[in-house]
Amino acid sequence: MNPTPERVFLGVMSGTSLDGLDLALCTFKEPVNKPVYTIVKASTIPYPSVWKKRLMQLAKASAQDYFEWHHLYGNYIAEQCLLFLKDAPLRADFIASHGHTIFHQPAKGFSTQLGCGATIAAVTGISTVCDFRSLDVALGGQGAPLVPIGDALLFGNYEACLNLGGIANISFEKDKVRLAFDVCFVNMALNYLSEQVGRAFDEDGQMARHAKPNADLVNQLNQIHKAENYPSLGREIFEQSVKPLLLASLCTVEEQLASVVVYAAHQIRAVIQNNGIQKCLVTGGGAYNTFLMEKLVENNASVFEVPDATTVAFKEALVFAFLGYLRVNEQVNTLTSVTKASVNSVGGAVYFR
């Protein structure tokens with residue numbers, strides 16, 4: 001399909017931190033290789049408790065239950081999209097839905113995201129792009145990260161883009177090649193710990209700030225990365241390697257929160273310093289954690305720039321809208337330099353309406 005002067009895409013993203021469903025209605029203008037974008041409207045729909053619980057438990061469900069909820073979650077996404085678009089100033093040409101990752105095991109040849117794209121297209125009446133990771137995995141890649149091409153084309157004025165979500169990931173140019181990878185667990189661990197004391201998250205990092213990190217726990221968390229050298233991170237690794245450390249710890253929840261912040265800051269600083277990055281854009285929920293941000297700049301001359309609130313909260317939804325835009329225009333949206341697939345690819349299944 002030939003690019004048109006302006007297309008409207010609704011990006012839909014559900015992250016590993018399970019905060020809710022992020023929706024971003026975006027416009028993109030030509031040229032594809034240096035597009036101009038606008039976020040027209042954006043919103044986060046917090047998950048009802050039933051959906052949050054179900055998304056956390058589905059990895060242990062039967063195959064039949066999984067596919068039933070794949071359809072039901074697709075229907076839920078579709079309903080939220082329709083409500084969101086009801087008073088939007090523009091009609092979406094396409095929906096680009098990432099879905100919610102349940103299994104990410106590229107070494108075994110699969111990465112599955114809940115939320116049936118066919119259901120979304122059928123219910124909304126809007127053509128839908130989905131299943132962004134499968135082609136890259138089939139080509140021998142990790143199926144992640146996918147955001148770097150958006151970083152390069154939409155935020156190329158920064159040396160690096162750091163996302164502090166459930167998992168911290170970073171992308172940057174080195175020797176004219178885009179590199180990107182998952183760095184460490186952030187909000188997935190912090191939110192899990194906060195829930196142990198009845199809070200959804202540690203606002204501004206206040207609980208962590210007023211506690212002393214445990215050196216042994218910090219060291220154990222750091223050793224996970226040295227020992228396993230995971231090319232990409234997912235909930236399975238959190239459940240297998242991080243959660244057991246937290247459960248076995250004799251520290252208070254507050255001390256564990258402080259320890260996770262110190263561990264995350266150490267892992268991120270090491271990447272920044274080892275690659276000589278001077279200016280870094282920071283987005284994702286962790287950008288609001290002032291204690292974590294303070295730890296990042298300790299003994300670090302690099303500048304960490306936090307943009308406007310809309311970009312902080314909805315950059316990933318924006319980028320998935322952009323990945324959908326690239327897919328529909330038959331342009332590369334997945335880079336072998338970051339996923340290690342055999343070739344670049346145009347990922348995503350499209351259900352036209």
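Our subject is the structure listed above.
Overview of the structure. Not measured: the values here are computed from a predicted model.

So, how was this worked out
Note that residues are indexed from 1 along each chain, following the sequence as it is written. Local features in this predicted model are restricted to residues of pLDDT 70 or higher, and side-chain atom pairs are both shown and tallied only at a pLDDT of 80 or more, whereas totals for entire chains, interfaces and linings draw on every residue. Note that the side-chain values use all heavy atoms of the structure and ignore hydrogens as well as water. Numbering goes from the N terminus for both helices and strands, where a helix is a DSSP run of H or I of at least four residues and a strand is a run of E of at least two. Burial classes: relative accessible area under 20% of the type maximum marks a residue as buried, over 50% as exposed, and values in between as partly exposed (1.4 Å probe, protein chains only). We call two residues contacting when some pair of their heavy atoms lies within 4.5 Å. A pairing counts as a salt bridge when a side-chain nitrogen of Lys or Arg comes within 4 Å of a carboxyl oxygen of Asp or Glu. For this analysis, a nonpolar core means a set of buried residues of the types Ala, Val, Leu, Ile, Met, Phe, Trp, Tyr and Cys, connected via side-chain atoms within 4.5 Å. Each pair of strands is called paired provided DSSP finds at least two bridges between the two strands. Lines fitted to C-alpha atoms define the axes, with helix axes restricted to the stretch in contact, and inter-axis angles between N-to-C directions lie between 0 and 180 degrees. The span you would expect from a helix comes to 1.5 Å times its residue count less one. Throughout, the term roughly parallel applies to angles under 35 degrees, roughly antiparallel to angles over 145, roughly perpendicular to angles from 65 to 115, and oblique to all others. In this scheme the crossing of two helices becomes right-handed for a clockwise turn of the near helix relative to the far one and left-handed for an anticlockwise turn of less than a right angle. With a 1 Å grid spanning the protein atoms alone, the term cavity applies to any set of points in which a 1.4 Å probe fits but cannot get out, the term pocket to an open set with protein on both sides within 12 Å along at least five of seven lines, and the term lining residue to any residue with an atom within 4 Å of a point. Grid points are joined across faces, edges and corners, and a volume is the space filled by probe spheres set on the points. Amino acids outside the nonpolar list (Ala, Val, Leu, Ile, Met, Phe, Trp, Tyr, Cys, Pro) and the charged list (Asp, Glu, Lys, Arg) are all regarded as polar, and Gly is one of them.

### Comments concerning the environment of Leu 164
Following the sequence through the fold, Leu 164 ends up in strand β8 (residues 160–164). With relative accessibility at 0%, the residue Leu 164 sits in the buried group. Linking Leu 164 and Phe 352, residues 188 residues apart in sequence, is a C-alpha distance of 34 Å. Setting aside residues no more than four positions away along its own chain, Leu 164 makes contact with Asn 187, Ile 268, Val 282, Thr 283, Gly 284, Gly 285, Gly 286, Ala 287, Leu 292, Met 293 and Leu 296.

### Thoughts on the pattern of salt bridges
Tallied over the full model, the rule gives 10 salt bridges. Note that Lys 41 and Asp 87 form a salt bridge whose closest N and O atoms lie 2.5 Å from each other. Residue Lys 41 is located in strand β3 (residues 36–46), and its partner Asp 87 is located in the loop between α2 (63–85) and β4 (94–97); the two are separated by 46 residues in the primary sequence. You can call Lys 41 partly exposed: its relative accessible area is 22%.

### Some remarks on the nonpolar core
Among the nonpolar cores identified, the biggest contains 49 residues, and Leu 162, Leu 164, Ile 170, Phe 185 and Ile 268 are the most heavily contacted of them. Excluding its chain neighbours within four sequence positions, the residues that come into contact with Ile 268 are Leu 162, Leu 164, Ala 168, Val 183, Cys 184 and Leu 296. If you look at the next biggest cluster of nonpolar residues, it comprises 33 residues, including Ala 96, Val 129, Val 328 and Val 338.

### Focus on the sheet that holds β3
Here we have 6 strands laid out as an open sheet, ordered β3-β2-β1-β4-β7-β13, and mixed in their pairing. Every other strand in the sheet has two partners, leaving β3 and β13 (349–351) as the edge strands with one partner each. Strand after strand, the sheet turns through a mean of 20 degrees between neighbouring axes, direction not considered. Docked against the sheet, helix α3 (residues 117–124) engages β4, β7 (127–130) and β13, running at close to 160 degrees with respect to β7. Most of the contacts of helix α12 (residues 309–328) go to strand β2 (residues 20–29), to which it runs at about 55 degrees, and overall it touches β1 (6–14), β2, β3, β4, β7 and β13.

### Points about helix α10 (residues 253–274)
Taking 1.5 Å of rise per residue, the 22 residues of α10 would be expected to cover 32 Å, and the 32 Å separating its terminal C-alpha atoms lies within 8% of that figure. Just beyond α10, the residue with positive phi is Gly 276, at close to 60 degrees.

### Looking at the environment of Val 306
By secondary structure assignment, the location of Val 306 is in the loop between β12 (303–305) and α12. Separated by 19 residues in the primary sequence, Val 306 and Ala 287 place their C-alpha atoms 6.9 Å from one another. Look past the residues within four positions of Val 306 in its chain and what remains in contact with it is Val 282, Ala 287, Met 293 and Val 312.

### Observations regarding the packing of helix α6 (residues 187–195) against helix α9 (residues 235–248)
At a minimum axis distance of 11 Å, the contact between α6 and α9 shows a crossing angle of 50 degrees. When the axis of α6 is compared with that of α9, the two are oblique. Where α6 crosses over α9, the two elements pack in a sense that is right-handed. Seen from α6, the contacting residues are Met 188, Ala 189, Tyr 192 and Leu 193; seen from α9, they are Arg 235, Phe 238, Lys 243, Leu 246 and Leu 247.

### Things to note about unusual backbone geometry
The omega torsion across Ala 144 and Pro 145 is -10 degrees, close enough to zero to call that bond cis. Tracing the chain through its elements places Pro 145 in the loop between α4 (134–138) and α5 (148–154). The backbone phi angle of Asp 204 is positive, close to 60 degrees, even though this residue is not glycine. Mapped onto the elements, Asp 204 comes out in the loop between α6 and α7 (206–209). We classify Asp 204 as partly exposed; its relative accessible area is 34%. The backbone of Asn 299 shows a phi angle near 55 degrees, a positive value even though the residue is not glycine. Examined against the element boundaries, Asn 299 turns out to sit in the loop between α11 (290–297) and β12. For Asn 299, a relative accessible area of 75% translates into the label exposed.

### Digging into empty space enclosed by the protein
Rolled over the atoms, a probe with the dimensions of a water molecule shows which regions are left empty. Following the criterion strictly, the structure yields 1 cavity of 30 Å³ or more and no others. Lining the largest cavity are Pro 145, Val 147, Pro 148, Asp 151, Cys 161, Asn 169, Ile 170, Ser 171 and Ala 180. Contributions of two or more residues to the lining of the largest cavity are made by α5 and β9 (167–174). With 3 residues, β9 is the single largest residue contributor to the lining of the largest cavity. Here the residues of the lining of the largest cavity are counted per class, giving 6 nonpolar, 2 polar and 1 charged.

### Some thoughts on the sheet that holds β8
Taking strand neighbours across the sheet as the criterion, the 5 strands line up as β10-β9-β8-β11-β12 in an open arrangement whose pairing is mixed. The sheet is open, and its two borders are formed by β10 (177–185) and β12, each paired with just one other strand. For this sheet, the mean angle separating the axes of adjacent strands, direction not counted, is 20 degrees. Two strands pair when backbone bridges link them, and β8 and strand β11 (residues 279–283) are joined in this way by 4 bridges, in the parallel orientation. Directly across from Cys 161, in β11, lies its bridge partner Leu 281.

The quantities given are spatial measurements derived from coordinates; they are silent on function.
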